[in-house]
Amino acid sequence: MNIKLKWNWVFIQQLYMFFIVVSSSFYYLITIYRLFTLKNEVIQQFLVVTLSVDFIFVLLFFSKIKLFKFEIILFCCLIPSIIIGILTNEPNRRWLTDILIPLLFICKIAIGREFTKKHLMNYKLIGLFKRHANWTFFFVLLGTSIYVLISTIFELDTYTGLEPPVYSTFITFLLNNNYIGSIITILLILYSGKRAIIITLILLIILYGLINGITLKKIIILSVIFMAAIIPLYYFYDDLEKQPAFEKYLNTISIFQDGDQEELDNAGGGRLDEISTILNQMQPYNFVFGKGIGFTYIVGNRPNDEANVEVANAHFSPIGITSKYGLIFYIPFISFYFLLLLTGLNNTKYNNFGLVFSFYYVFAMLIDSMFSYSMFINPLLPFCMGYLSSFMHLKI
């Protein structure tokens, strides 16, 4: 009976891991679809489906969850936001999603930690990291090819826009010394037009170099990788500068040099307008407890001539999280986050792929969260955090 029960848990884990890999890859194809249709509803519907699957998964594993004290504190810190939201914000579906998303995220950290304690489940979790990287790489190649084909046929002026899951691909290639894969990934990221991912990629390479020591051999290898990626771009510069992604980069550089704040906000997708709009609505007590679940705001300065759009989150995650849940939640959360990074940093000397991969992925998502509201909805992040938390000496 016990053997059958253990097999069932492993089967459920495998099923969910498979769902993460497929959904992450499929999400990129959906973003390609959105570029050509400008329909955001399909993204929202997809996120509702993934949230529902997350809820079922956590429910099945709930009896096995063993929370750290810090995680229990995070649960408690959400209570003021729930009360304030119910009392002040109009009832809508965001009440439910704003509660479930952080709750399920924290639960998945604990579940990921439990997986590392059981040999077979730990093996499957590491397998998830590697399959996620391989599948993402395949679908990014596929999606980019589809984009190039359709945009060429219909002469569309847009760019692919990769998503954070691509970090798993680059990190895996980097750790496995797969230089060809690293070069291809860099080229795909450059072609995608996502400045945040490029910045994160540069910082990942710098961090990797600092941790592993800057030797002459590594300087030569990193230089070769960089030059191998840049030289083809330079050779085809005249054609590339006409591509939307590279036109976007050149335009951003020009705007930074001019220092025009309005143009700078437009180049940043209205991020500055988001921040100023939220801050103008925040009272001193809102910074402490947040404006509650279901909080939305109207922004009037968005790209593509969008105006008076109702928005629920902010690209700058610190202000987005604080506006809903307050510093009473964000400070403990980000403190726990940095403790996990410190744990990973102190253990990178060990030859443990799961731990090292998790450390770099958690770091990448921290940088990415400065530019997009992707932290709580990233399917791989809580399991990487759970993996790192299993190596903490103090079970805080």
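Coordinates for the structure precede this section.
Here the residue numbers are simple positions, counted from 1 along each chain's written sequence. This being a predicted model, a pLDDT of at least 70 is required before a residue's local features are given, and a value of 80 or more before pairs of side-chain atoms are given or counted; all residues contribute to the totals for chains, interfaces and linings. Only hydrogens and water are removed before side-chain values are computed, so all heavy atoms of the structure are retained for them.

A.B. asks: So what exactly am I meant to see when it comes to the overall build of the chain here?
C.D. replies: Helix and strand assignments follow DSSP, with helices taken as H or I runs no shorter than four residues and strands as E runs no shorter than two, numbered in order from the N terminus. Across its full length, the chain carries 19 helices and two strands. Taking all 396 residues of the chain together, 50% fall into the buried category. Pairs at least 24 apart in sequence give 77% of the contacts found in the chain among residues at least 6 apart. For the area figures, the Shrake-Rupley method with a 1.4 Å probe applies, and any residue is considered shielded solely by the protein chains shown. With an accessible surface of roughly 19900 Å², the chain has 67% of that area assigned to carbon and sulfur atoms. Residue exposure (1.4 Å probe, protein chains only): buried if accessible area is under 20% of the type maximum, exposed if over 50%, otherwise partly exposed. Throughout, a contact is declared for two residues whenever any of their heavy atoms are within 4.5 Å.

A.B. asks: Teacher, can you tell me more about unusual backbone geometry here?
C.D. replies: Trans peptide bonds make up the majority, and among non-glycine residues the majority have a negative phi. Of note in this structure, Asn177 is not a glycine but carries a positive phi near 55 degrees. Topologically, Asn177 is positioned in the loop between α7 (166–175) and α8 (179–192).

A.B. asks: Looking at this structure, how should I read the nonpolar core?
C.D. replies: Nonpolar side chains tend toward joint burial in soluble globular proteins. Remark: nonpolar core denotes a set of buried residues (Ala, Val, Leu, Ile, Met, Phe, Trp, Tyr, Cys) joined through side-chain atoms within 4.5 Å. Among the nonpolar cores identified, the biggest contains 81 residues, and Phe329 and Tyr337 are the most heavily contacted of them. Considering every element that reaches this core, the biggest residue donor is helix α18 (residues 353–368), with 13 residues. Leave out the neighbours within four places in its chain, and Phe329 touches Leu74, Cys77, Leu78, Pro102, Ile106, Ile321 and Phe376. With eight residues, the next largest nonpolar core counts Ile278, Phe295, Tyr297 and Ala314 among its residues.

A.B. asks: How should the packing of helix α17 (residues 327–347) against α18 be read in this particular structure?
C.D. replies: The packing of two helices is summarised by the inter-axis angle and the distance between the axes. Packing of α17 against α18 brings their axes to within 9 Å, and their N-to-C directions diverge by 140 degrees. When the interaxial angle is binned, α17 and α18 end up oblique. Of the two possible hands of crossing, α17 and α18 adopt the one that is left-handed. Listed contacts from α18 to Ile334, Tyr337, Phe338, Leu341, Gly344, Leu345 and Asn347 of α17 are Leu355, Phe359, Val362, Phe363, Met365 and Leu366. The nonpolar class holds Ala, Val, Leu, Ile, Met, Phe, Trp, Tyr, Cys and Pro. Asp, Glu, Lys and Arg form the charged class, and all remaining residues, Gly among them, are polar. Here the residues of the contact of α17 with α18 sort into 11 nonpolar, two polar and no charged. For helices, the fitted line uses only the C-alpha atoms of the stretch in contact; every axis is such a line through C-alpha atoms, and the angle between N-to-C directions lies from 0 to 180 degrees. Angles are sorted into four bins: roughly parallel if under 35 degrees, roughly antiparallel if over 145, roughly perpendicular if 65 to 115, and oblique for all others. Two helices crossing with the near one rotated counterclockwise from the far one by less than a right angle form a left-handed crossing, whereas a clockwise rotation gives a right-handed crossing.

A.B. asks: Whenever I open this one, a nonpolar patch on the surface confuses me. Can you help?
C.D. replies: Among the surface-exposed residues, Ile199, Ile202, Leu203, Ile206 and Leu210 lie close enough to one another that they form a single nonpolar patch of about 430 Å² accessible area. By secondary structure assignment, the location of Leu203 is in helix α9 (residues 195–212). Surface patches are drawn from residues lacking salt bridges whose relative accessible area is over 30%; two like charges belong together within 9 Å, two nonpolar side chains (Val, Leu, Ile, Met, Phe, Trp, Tyr) within 5 Å. What makes a salt bridge here is a side-chain nitrogen of Lys or Arg within 4 Å of a carboxyl oxygen of Asp or Glu, nothing more.

A.B. asks: Would you take a moment to explain helix α4 (residues 79–88) for this structure?
C.D. replies: Counting along an α-helix, one turn takes 3.6 residues, and residues three or four places apart therefore face a common direction. Within the span of α4, buried status applies to Pro80, Ser81, Ile84 and Gly85. In a view along the axis of α4, the buried residues occupy a sector of 125 degrees, so they form one face of it. Next to the buried residues of α4 lie α3 (69–77), α5 (93–117), α15 (284–289), α16 (317–325) and α17. Think of the arc as the fan of directions from the helix axis to the C-beta atoms.

A.B. asks: Explain the packing of aromatic side chains here, please?
C.D. replies: Describing an aromatic ring pair means giving the distance of the ring centres and the angle of the ring planes. Only Phe, Tyr and Trp rings are paired, with Trp represented by its six-membered ring, and only when their centres lie within 6.5 Å; those with planes under 30 degrees apart are stacked, over 60 edge-to-face, the remainder tilted. Under the defined criterion, the tally for this structure stands at 26 aromatic pairs. Here the aromatic cluster, defined as three or more aromatic residues joined through ring pairs, consists of Tyr16, Phe19, Phe57, Phe61, Phe115 and Phe383. Here, over-ring charges are defined by two tests on the NZ atom of lysine or the CZ atom of arginine: distance to the ring centre within 6 Å, and angle to the ring normal within 35 degrees. Sitting over the face of the ring of Phe68, Arg113 holds its NZ or CZ atom 3.7 Å from the ring centroid. The ring of Phe353 carries the charged tip of Lys130 above its face, separated from the ring centre by 4.9 Å.

A.B. asks: So what exactly am I meant to see when it comes to the environment of Gly294 here?
C.D. replies: The topology assignment puts Gly294 in the loop between α15 and β1 (297–299). For Gly294 and Gly85, which are 209 residues apart along the polypeptide, the C-alpha to C-alpha distance reads 6.1 Å. Those residues in contact with Gly294 that lie beyond four places of it in its chain are Asn89, Asn92, Arg94, Trp95 and Asp98.

A.B. asks: Would you mind showing me how to read the packing of α5 against helix α19 (residues 381–389) here?
C.D. replies: Contact pair α5 / α19: the axes reach a minimum separation of 7 Å and the direction vectors enclose 50 degrees. Between α5 and α19, the interaxial angle falls into the category oblique. Viewed along their axes, α5 and α19 form a crossing whose handedness is right-handed. Contact residues: α5 offers Phe105, Lys108, Ile109, Ile111, Gly112, Arg113, Phe115 and Thr116, while α19 offers Leu381, Pro382, Phe383, Met385, Gly386, Tyr387 and Ser389. Looking at the contact of α5 with α19 residue by residue, the classes come out as nine nonpolar, four polar and two charged.

A.B. asks: What exactly am I supposed to notice about the pattern of salt bridges here?
C.D. replies: Two side chains carrying opposite charge are able to pair once their charged atoms lie near each other. Using the criterion set out here, one finds three salt bridges in the structure. The residue Asp54 makes a salt bridge to Lys108 at a minimum N-O spacing of 3.0 Å. A residue pair is termed long-range when its members are at least 10 positions apart, and Asp54 in helix α2 (residues 41–61) and Lys108 in helix α5 qualify at 54 residues. You can call Asp54 buried: its relative accessible area is 12%.

A.B. asks: Please clarify how the side chain of Thr169 should be interpreted in this entry.
C.D. replies: Relative to the helices and strands, Thr169 is located in helix α7. Counting of polar contacts relies on pairs of N or O atoms within 3.5 Å, with two restrictions inside protein: one atom must be capable of donating a hydrogen and the other of accepting it, and residues adjacent in sequence are counted only when both atoms are side-chain atoms. Among the polar contacts listed, one links the side chain of Thr169 to the backbone oxygen of Ala133, at a separation of 2.8 Å. Residue contacts for Thr169: discarding those within four places in its chain leaves Ala133, Thr136, Phe137 and Thr185.

A.B. asks: So what exactly am I meant to see when it comes to helix α14 (residues 271–281) here?
C.D. replies: When α14 is considered as a whole, its buried residues turn out to be Asp273, Glu274, Thr277 and Ile278. Seen end-on, α14 carries its buried residues on one side only, within an arc spanning 125 degrees.

A.B. asks: For this particular structure, what's the right way to read the state of the cysteines?
C.D. replies: The bond known as a disulfide is covalent and runs between the sulfur atoms of two cysteines. Cysteine sulfur atoms that pair up within 2.5 Å are treated as a disulfide. In this structure the tally under the stated criterion is zero disulfides. With no disulfide of its own, Cys76 lies closest to Cys77 among cysteine sulfurs, the gap being 6.9 Å. Its relative accessible area of 45% is what places Cys76 among the partly exposed residues.

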